[in-house]
2 protein chains.
Amino acid sequence: MQVVEQIAAVREVIAPVQRAGRSVGFVPTMGALHRGHLDLMETARKECDFVVTSIFVNPSQFAPHEDLTKYPRPKERDLELCQSVGVDLAFYPTVDEMYPRGAVTSVIVDGLSTVLEGAIRPTHFRGVTTVVAKLFGIVTADRAYFGQKDYQQQLIIRTMTRDLNMPLEIRTCPTTRDIDGMALSSRNAYLSPSERTAGLCLSHALQRGAQMAADGVAPGVIAEAMQDDIEATPGVVLDYAVVADPWTLTDLTESQSQMVALVAARVGATRLIDNAIWGPSLY
Amino acid sequence: MQVVEQIAAVREVIAPVQRAGRSVGFVPTMGALHRGHLDLMETARKECDFVVTSIFVNPSQFAPHEDLTKYPRPKERDLELCQSVGVDLAFYPTVDEMYPRGAVTSVIVDGLSTVLEGAIRPTHFRGVTTVVAKLFGIVTADRAYFGQKDYQQQLIIRTMTRDLNMPLEIRTCPTTRDIDGMALSSRNAYLSPSERTAGLCLSHALQRGAQMAADGVAPGVIAEAMQDDIEATPGVVLDYAVVADPWTLTDLTESQSQMVALVAARVGATRLIDNAIWGPSLY
C-alpha cells in the first residue's frame, strides 16, 4: 500500500492505473476506522481493480463548538487497517494541502442540507459536499463508497453527484452494527460503558418502529413511539426521530412502500445518529 | 463532426477517445458564435487530439429582466462554424437535459462573484460556475478554453477549478477584436450602427488607460480618466471602469507590475464589457 500526503502524488499514482483501463474505487473517511469503514473498503476491493482511501478530518464540516480538535486521529492504526483489507493507495493530506490560503469555493445542495442534521448543524453539509467534491476531483474514481449509517450525507452526496454530472457512481453500503445492534461510529469511542448502554435506545427505537411499520401503523404514530422510547431513556436527549420520504427527507403522514426512519440524540456530550430503510432496498 | 443532445451520448463518444490516450479540449459556449469563439476552438484544435464544444444558452446565469429569451440561437449556422474549424463533437443540450426537475446543487465562488459584474448581476456567476462545473463533469476534458474578454468569468472559473481540484487545465485566450478595436461579443448583434460607434468608447478608454499606465500614472487617476471618457460618450451609461489587481479584482491605489483594467457600460439596451491586462502576460 502506498501512502501519500500530496494531491499531485495521488494523481501520479492514479493516472497510469486509469490509462491501463483499470477501475478505481474510492472510500473517503475521517479516519478513526472501524469495521464499518473496513466493510466499505472490502466492497470496493471486490468491485474495483484499484482501491483508494482518504483519511482526512475535514475542519469545514465541524462547527466551532464541535469536536474537531478532540476527534481521534490514530494514524498508524488506521493505515495498518487499510493495508489489512487490501487498499492500494491511502491519501493522508494535511489541512493546508486541502485548503490552501485563498480557497473560496463551496458546493451547496439546497433543501436537503438544511433539514435534520442540517437544521442542527447548519454549516455541516456545505463542508461535506465541498470536501467530497474536492476529493472526487483529486481521485477521479469510477465508484465511491459511503455507509448508509450517514443516510442524509449519502443522499446529499448522491444529489450533488447527479446534479453536477460528476463522472462516477455512488455506492451506498449497509450500516455495520455491533452484535447488540449499535451502529458503528468513530464517535462511539467517546461513550462511557453506561452511556453506550443508553445509546442502544436509538437502534431499539428503530427496531420497534420497523415492527410497527410492518404492522401498517401510520408513520406519524411510529415517529412518536420512537421519540417516546428515546426520551424515556435516562441520560439521553432526543434531537429528532422521524419517518420520512427516502428522497426528499420530508416527514410522512401516510405509509409508502419505501420509507426511511432517522433518529438522532445526545448521550452525555456525544451525538449519535442512526437510521433504517423500510421496504424494498433503495441502493 | 458529431452533434449530440444527450449527456449519455457525450460520455459514449468521449470514453473511447480517452481510453485510447487521446487528449480532449473543450470550448463551452452559449452559441451565437463569432470569430472569438472560433479562435478558442482553433487553439483547442492545435493543442488537443479531440475537440468538444457545447452550445447552451444557460438560463441560470440570466436574471429575470435580462435577455434570456431574445438571446440569439442560430443553430444551423453555429454548427456549420464548429465544423469549419474542425470540432469533433458538438454538445447541444436542451434546458431539461441540463436541469432536470429537482436539481438543487450550486457551486459558489465567494468574494470574486460579488464584485464588478457580480455586483450588477448578483446571481450571474452562481449560474456560470454551476453550469461550467456540470459541463466539466460531462465532458471530462483535459483542457478547457475561455476568452479573456470575460476576464472576471475566466478568473472565477480558474478559482473554482483550483479550489475543487477539478482535473483539467484552464486556458485563457486573448480577446478577439474587430479591426476598429471593438471586442467581439454575441451581444454586439443587438447594437444599431450608431450604438456600435458609441460602444467603441470602451476599447478607446482602455487604450488611453494603457498609455497612461505606460507613463506611470497612478491607477486611481487612470480609472477616473476611463470613467470620464465613457461617461462623455452620448448614449452610453457607465457601469464601472476600474484598475484592479488581476487575482483579487480589488481596486488598486498604487501601480504594480501586472494590473487589469475592467470596463462596463450600457449602450442603449445593450450591456458591453471589455478589459485589458497591463504588464507581463498572466496566462
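Residues numbered from 1 in each chain as written. Chains lettered and ligands numbered in written order. Predicted model: local features only at pLDDT ≥ 70, side-chain atom pairs only at ≥ 80, totals over all residues.

Trainee: Help me understand the overall build of chain A in this model?
Mentor: Helix and strand content of chain A: 9 helices and 10 strands. A compact globule built from 283 residues should have a C-alpha radius of gyration of about 19 Å, and chain A, at 19 Å, falls within 12% of that. Across its three principal axes, chain A shows a C-alpha extent of roughly 55 × 40 × 40 Å. Across the 283 residues that make up chain A, the buried fraction comes to 44%. (Helix = DSSP H or I, 4+ residues; strand = E, 2+ residues; numbered from the N terminus. Rg over C-alpha atoms; globule rule 2.2 N^0.38 Å. Buried ≥ 20, exposed ≤ 12 C-beta atoms within 10 Å, placed from the backbone.)

Trainee: How should the relation of the copies chain B and chain A be read in this particular structure?
Mentor: The transformation that overlays chain B on chain A combines an axial shift of 0.0 Å with a rotation of 180 degrees, and the residual RMSD is 0.0 Å. In short, the pair behaves as if placed about a two-fold rotation axis. Taking C-alpha positions as reference, the residue of chain B nearest the rotation axis is Val 107 of chain B, located at 2.3 Å. Interface overlap between copies is the fraction of interface residues in one copy that are interface residues in the other; for chain B against chain A it reaches 100%, indicating a shared surface. (Least-squares fit on C-alpha atoms with pLDDT ≥ 70 in both. Contact = placed C-beta atoms within 7 Å.)

Trainee: Can you walk me through the interface of chain B and chain A in this structure?
Mentor: Interface extent is often summarised as the accessible area lost during association of the parts. Every contact between the two is made by 25 residues of chain B and, on the other side, 25 residues of chain A. Contributing elements (two or more residues each) for the side of chain B that touches chain A: α1 (7–19), β5 (105–109), α6 (124–139) and α7 (151–163) of chain B. Per-element tally for the side of chain B that touches chain A: the top contributor is β5 of chain B, with 5 residues. Bridge count for strand β5 (residues 105–109) of chain A against β5 of chain B is 5 bridges, and the pairing is antiparallel. Paired with Val 109 of chain A across the two strands is Thr 105 of chain B, which belongs to β5 of chain B. (Pairing = 2+ DSSP bridges.)

Trainee: I would appreciate a short explanation of unusual backbone geometry in the present structure.
Mentor: With the exception of glycine, most residues fall at negative phi, and the peptide bonds are largely trans. All names here are of chain A. Residues other than glycine seldom take positive phi values, yet Ala 32 does so here, at roughly 50 degrees. Relative to the assigned elements, Ala 32 resides in the loop between β2 (24–29) and α2 (35–47). The phi angle at Leu 249 is positive, at roughly 65 degrees, despite the residue not being glycine. Residue Leu 249 is classed as buried on the basis of its 21 C-beta neighbours within 10 Å.

Trainee: Hey, could you run me through the domain arrangement of chain A in this one?
Mentor: All names here are of chain A. Each assigned domain of chain A is listed here: domain 1 (2–173) and domain 2 (186–276). Centre-to-centre separation of domain 1 and domain 2, based on C-alpha positions: 26 Å. Listed as interface residues are 12 residues of domain 1 and, on the opposing side, 10 residues of domain 2. Elements with a contribution of two residues or more to the side of domain 1 that touches domain 2: α5 (117–120) and α7 (151–163). (Domains from an automatic or database assignment.)

Trainee: How should I be thinking about helix α6 (residues 124–139) of chain A in this particular structure?
Mentor: Three or four residues apart is the spacing at which side chains of an α-helix point the same way, because the helix has 3.6 residues per turn. Residue and element names in this part refer to chain A. When the terminal C-alpha atoms of α6 are compared, their 22 Å separation across 16 residues agrees well with the 22 Å that a helix rising 1.5 Å per residue should span. Most of α6 sits out of view: 15 of its 16 residues are buried. Note on α6: the residue one or two positions beyond its end, Thr 140, has a positive phi of about 45 degrees. (Expected span 1.5 Å × (residues − 1).)

Trainee: What am I meant to see in the sheet that holds strand β8 (residues 236–244) of chain B here?
Mentor: Two modes of strand pairing occur in sheets, parallel and antiparallel, and in both the strands are linked by backbone hydrogen bonds. All names here are of chain B. A sheet is described by the order of its strands in space; here 3 strands give the open sequence β8-β9-β10, paired in antiparallel fashion. Strands with a single pairing partner mark the edges of an open sheet, and in this sheet they are β8 and β10 (270–278). Neighbouring strand axes in the sheet, compared pairwise and without regard to direction, differ in orientation by 10 degrees on average. In terms of strand pairing, strand β9 (residues 259–267) meets β10 through 9 bridges, oriented antiparallel. Across the sheet, the residue bridging to Arg 266 is Arg 271, located in β10. (Axes fitted to C-alpha atoms, helices over the stretch in contact; angles between N-to-C directions.)

Trainee: Help me out: how do you make sense of the sheet that holds strand β3 (residues 50–55) of chain B in this one?
Mentor: Residue and element names in this part refer to chain B. Taken in spatial order, the 6 strands of this open sheet run β1-β4-β3-β2-β6-β7, and their pairing is parallel. On the outer flanks of this sheet lie β1 (2–4) and β7 (169–173), each paired with one strand and no other. Geometrically, the sheet is characterised by an average inter-axis angle of 25 degrees between neighbouring strands, direction not taken into account. Across 3 bridges, β3 lies against strand β4 (residues 89–91) in parallel orientation.

Trainee: What's the story with the packing of α6 of chain B against α7 of chain B in this structure? I'm lost.
Mentor: When two helices pack together, their arrangement is captured by the angle between the axes and the distance separating the axes. All names here are of chain B. Interaxial distance between α6 and α7 falls to 10 Å at its minimum, and their mutual angle equals 50 degrees. Considering the angle they form, α6 stands oblique to α7. Taken as a pair, α6 and α7 cross one another with a handedness that is right-handed. Within the contact between the two elements, α6 uses Phe 125, Val 128, Thr 129, Val 132 and Ala 133 and α7 uses Gln 153, Ile 156, Ile 157 and Met 160. Partitioned by chemical class, the residues of the contact of α6 with α7 number 7 nonpolar, 2 polar and no charged. (Parallel < 35°, antiparallel > 145°, perpendicular 65-115°, else oblique. Left-handed = near helix turned anticlockwise from the far one by under 90°. Nonpolar A, V, L, I, M, F, W, Y, C, P; charged D, E, K, R; others polar.)

Trainee: Which parts of the structure should I look at to understand the packing of helix α8 (residues 193–214) of chain B against helix α9 (residues 219–231) of chain B?
Mentor: Residue and element names in this part refer to chain B. Between α8 and α9, the least distance of the axes is 9 Å, while the angle of their chain directions is 155 degrees. Taken together, α8 and α9 sit at an angle that is classed as roughly antiparallel. As α8 packs across α9, the resulting crossing turns out to be right-handed. Residues Cys 201, Leu 202, His 204, Ala 205, Arg 208, Gly 209, Met 212 and Ala 213 of α8 form the contact with α9, whose own contacting residues are Ile 222, Ala 225, Met 226, Asp 229 and Ile 230. Here the contact of α8 with α9 is built from residues that sort into 9 nonpolar, 2 polar and 2 charged.

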